[in-house]
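# Secondary and tertiary structure notes
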Amino acid sequence: MSEKLQTLIIEDEELARNLLRSYLKDHPDIEVIGECENGFDGVKAINEKKPDLVFLDIQMPKITGFEMIELLDYKPQIIFTTAYDQYALKAFELNAVDYLLKPFSKERMLAAIEKVIHHIQHEENTAEKLDELSNFRPGDEFIDRVVVKDRHKIHIITVDKIRYIESLDDYVMIYTQDGRHMKQKTMKYFETYLDPKNFIRIHRSYIVQVDNIAEIQQYEKESYVVILKDKDKTKLKVSKTGYKKIKEVLHF
Amino acid sequence: MKHPLTNNLRLLLSYVLFWTVIATINIILQVFWYNVPLTFSLLDTGTSYVLYPLLGSSIWYSIRYNSLEEVSVGRLLLFHLIAASILCAIWVYLSYAIYKPFITKESHFLEDGIPKKIFAGYLMYAIYLIFFYAVNYYQSLKEKIKKEVEYKTLLREAELQALKSQINPHFLFNSLNSISALTVSNPEMAQEMVINLSTFMRYSLLHNQKEMVTFSKELENIKLYLGIEKVRFGEKLNAEFEIDSHCMEAEIPNMILQPLFENAIKYGVYETTEQVTIKTICKCEGNLLRISIVNDYDACSIKRKGEGIGLRNIRQRMEIIYNQPDLISVIDHKTSFEVQLIIPQKQAMS
């Protein structure tokens, strides 16, 4: 390698950071350009410094390593680290990404770096793999929060705060009590991973939180609108199948 | 417990059949042997073997709320004497009211029957009493056996769960990783941590053999656990203890506190970037040891979803050990989370 890999360490535990740093100290191809203690700082550092390689811990305060990936404008090569997380392991295996299980040996880490160098030299597209990874949810667990980024601020939205979600081509707009947030995810993703007891896909373009529905109005034969519980009394179109689903969930 | 006659169709049918047979025999005897007119016989039989069985079924309630074990003999006798008199009075009065239109000057059959009825009323009450006590005893025995079986399965399950949840693999691997890091930077501390981890694990293995330990033992183990976690989290983890010194000798189920501290770390320390205080307050009041564990948490990033498996396990274990619900309560103060435990003691702590 002609140039050293610009490397970032994102890890919340000091001792774990120290160990990684000491392992990487005399590596000929690595230059550690920074360390972050949490996911918020991590997202900022990656988007600003655009490192070649990131050592990313999965379990961190505020947002997890997985959630971080969703917020990256720029996708570097990532080597995940985790102590014990069954879900993460499943995700890694299905998506063939590099990961290190703590505690790991220096040799094991060097092998992972070799792989990354191989990916870079062969210009393999790892960004796509990361997207898949962030869309992967093991088991049938529903999500309990969504992380979003508006310009430079990261918000954590617990699902109970979501009023409704609107589809916008490749994005969705998430409406909460305090405002709205854009996110690069599909409607299908939210339809699948939001608990259908609380969220209904009422239309191709809308998913609504059940508790937020004030009333359902018929405005033409066989077509309905949902009126939400908010100041503006937002009206959302309901499709035929959407109407059936509402009937099922609300039992009327 | 429900009334055995309304609750058990077979018993009800046997009851009805029994009295029908008795009544029929009585009518046949009276009419054919003693030459009693049929109307009189029907009236006598009706009040004795239909009306009394109807009234008598209510005796169940007098035994239902007067358990033989809980009420003294004197009070029991007095109660039943009064109850028997009331029932007897009602019965005799009703019988007389039914007889009245049929009483004639020529026949004293019905009138003569009244004093006998008073005696019979008390006798029947006694028979019913024995019958219902027997039913009650049989029912509670059956229930007890059923409950015991349930308890046993629950206990086994709880033991199994306890075994599984003994050491959180996440904690173990992270601690090992800290040790791995310390071997490079601070070998002495690494050694200390290996020893602490071993002591902690040994204590948690003891869990299988011994149910109760002294509170001081359990506390020592908690401090060891927090010490290990403190190596990982550094300044972020701050533990405070406020403990009445005379609580130390209290008895407490082994390893009952550790999962609570593990939760406090998982939801408190792990989810925020600021310092989190875990405060433990212990007080002794009479023969109750009260333990309260409070940790701050970041309400924005997590929504706690009811009770996790850790809390459920503890609740279950406490219920099995003390046979008493509600010894554990969980309070969400929005910025802090509190778990309160009440551990009953055999003797008052002083």
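The structure this text deals with has already been given above.
Residues numbered from 1 in each chain as written. Chains lettered and ligands numbered in written order. Predicted model: local features only at pLDDT ≥ 70, side-chain atom pairs only at ≥ 80, totals over all residues.

Below, the discussion takes up the pairing of strand 7 (residues 153–158) of chain A. Residues and elements named next belong to chain A. Here strand 6 (residues 145–150) pairs with strand 7 via 6 bridges, running antiparallel. Bridged to Val-147 within strand 7 is Ile-156. Counting the residues between successive antiparallel strands, the hairpin from strand 6 to strand 7 contains 2 residues, one of them, Arg-151, with a positive phi of roughly 45 degrees. (Pairing = 2+ DSSP bridges. Helix = DSSP H or I, 4+ residues; strand = E, 2+ residues; numbered from the N terminus.)

Another aspect to go through is unusual backbone geometry. Cis rather than trans, the peptide bond between Lys-102 of chain A and Pro-103 of chain A has omega equal to -10 degrees. With respect to the secondary-structure elements, Pro-103 of chain A resides in the loop between strand 5 (99–101) and helix 5 (106–121). Here Lys-62 of chain A, not a glycine, exhibits a phi torsion of approximately 65 degrees, which is positive. Counting through the fold element by element, Lys-62 of chain A comes out in the loop between strand 3 (53–57) and helix 3 (65–70). The backbone of Met-255 of chain B sits at a positive phi, close to 60 degrees, despite the residue not being glycine. By secondary structure assignment, the location of Met-255 of chain B is in the loop between strand 3 (251–253) and helix 10 (258–269).

The next subject is the interface of chain A and chain B. Each partner contributes to the interface: chain A provides 20 residues, whereas chain B provides 22 residues. Breaking the side of chain A that touches chain B down by element, the ones donating at least two residues are helix 1 (14–24) and strand 7 of chain A. Per-element tally for the side of chain A that touches chain B: the top contributor is helix 1 of chain A, with 6 residues. Considered class by class, the residues forming the side of chain A that touches chain B number 8 nonpolar, 4 polar and 8 charged. (Contact = placed C-beta atoms within 7 Å. Nonpolar A, V, L, I, M, F, W, Y, C, P; charged D, E, K, R; others polar.)

The subject of this paragraph is the packing of helix 7 (residues 169–185) of chain B against helix 9 (residues 215–233) of chain B. Residues and elements named next belong to chain B. Helix 9 packs onto helix 7 with a crossing angle of 60 degrees between their chain directions and a minimal axis gap of 10 Å. Taken together, the axes of helix 7 and helix 9 are oblique relative to one another. As helix 7 packs across helix 9, the resulting crossing turns out to be left-handed. Counted together, Asn-174, Ser-175 and Ser-178 of helix 7 and Ile-228, Val-231 and Arg-232 of helix 9 form the full contact between these two elements. Grouping the amino acids of the contact of helix 7 with helix 9 by side-chain chemistry returns 2 nonpolar, 3 polar and 1 charged. (Axes fitted to C-alpha atoms, helices over the stretch in contact; angles between N-to-C directions. Parallel < 35°, antiparallel > 145°, perpendicular 65-115°, else oblique. Left-handed = near helix turned anticlockwise from the far one by under 90°.)

So, about the sheet that holds strand 4 (residues 276–285) of chain B. All names here are of chain B. Strand order in the open sheet made by the 5 strands is 2-4-5-7-6, with mixed pairing throughout. Single-partner strands in this sheet number two, and they are strand 2 (237–243) and strand 6 (328–332). Between one strand axis and the next, the sheet turns by 15 degrees as a mean value, whatever way the strands run. Taken together, the 9 bridges between strand 5 (residues 288–296) and strand 7 (residues 336–344) define a ladder with antiparallel strand orientation. Within strand 7, the residue paired with Val-294 across the bridge is Glu-338. Sheet contacts for helix 10: strand 2, strand 4, strand 5 and strand 7; angle to strand 5, the most-contacted strand, approximately 20 degrees.

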